[in-house]
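# Breakdown of the fold
Chain residues, written in single-letter form:
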Amino acid sequence: MPAGAYNIRITFEQDVGTADAAGQHIPDWQPFSPPLKRWGKRIESRGRAYWAAQQEQAEVSGIIEVPYDSVLHSLLKADRTKIRGKIGDSVPYIEAFDGPKNKGRTLDLIVREPQ
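Summarised in this report is the structure supplied together with it.

## Side note on the packing of aromatic side chains
Each aromatic ring pair is described using two quantities: the centre-to-centre distance and the angle formed by the ring planes. The tally for this structure, following the rule as stated, stands at 0 aromatic pairs. Taking the ring centre of Tyr6 as reference, the NZ or CZ of Lys41 above it sits at 5.1 Å.

Below you can see the structure in the form of structure tokens.
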């Protein structure tokens, strides 16, 4: 695969959880219907959004760039805590996002790997 190629398959899921008797949220992650799958690539840490997220969340572990997608962008803007990306067996948490970037062609997902 050429350097810089989108080589990470991401399957996005939504939290359709409910609250328990005490009012605490119980997450229930389900795939979107139809499935929301995109290709991405890890990129070097860059930019103000990444550094701002690192100040808030010490566990920020990297950035995954995906081609711009209006559906994905709308979901992230609405409530990024209700969407996550699954990469194989790993489920990195989306701490923040930046974009559209590169003249509207990409979105950067600022992620934290699960511990």
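## Brief notes about the sheet that holds strand E4 (residues 29-43)
Spatial strand order, E6-E1-E4-E5-E8-E7: 6 strands in an open sheet with antiparallel pairing. This sheet does not close on itself; its edge strands, each paired only once, are strand E6 (83-86) and strand E7 (93-101). If you compare each strand with its neighbour and ignore which way they point, the axes differ by 40° on average. The pairing of strand E5 (residues 62-67) with strand E8 (residues 106-112) spans 6 bridges and is classified as antiparallel. Along E8, the bridge assignment pairs Val66 with Leu107. Sheet strands in contact with helix H2 (residues 70-79) are strand E1 (8-15), E4, E5, E6, E7 and E8, and its direction is about 125° off that of E7.

## Here's the deal with the pairing of E5
In terms of burial, E5 is a largely internal element, 5 of the 6 residues being buried. Where E4 meets E5, 3 bridges bridge the pair, whose relative direction is antiparallel. What sits directly across from Lys41, in E5, is Glu65.

## Thoughts on H2
Those residues of H2 not exposed but buried are Leu72, His73 and Leu76. Mapping the buried residues of H2 onto a view down its axis gives an arc of 100°, with all of them on the same face. Buried residues belonging to H2 abut E1, E4, E5, E6, E7 and E8. The N-terminus of H2 is capped by Asp69, whose side-chain oxygen sits 3.0 Å from the backbone nitrogen of Val71.

Here is what the cut-offs are and how they apply
- Residues numbered from 1 in each chain as written.
- Predicted model: local features only at pLDDT ≥ 70, side-chain atom pairs only at ≥ 80, totals over all residues.
- Heavy atoms only, no water.
- Phe/Tyr/Trp six-rings, centres within 6.5 Å; stacked < 30°, edge-to-face > 60°.
- Lys NZ or Arg CZ within 6 Å of the ring centre and 35° of its normal.
- Pairing = 2+ DSSP bridges.
- Helix = DSSP H or I, 4+ residues; strand = E, 2+ residues; numbered from the N terminus.
- Axes fitted to C-alpha atoms, helices over the stretch in contact; angles between N-to-C directions.
- Contact = heavy atoms within 4.5 Å.
- Buried < 20%, exposed > 50% of the residue type's maximum accessible area, 1.4 Å probe, protein only.
- Arc of directions from axis to C-beta.
- Polar contact = N/O pair within 3.5 Å; in protein donor to acceptor, adjacent residues only side chain to side chain.

Any link to function would need more than the numbers given here.
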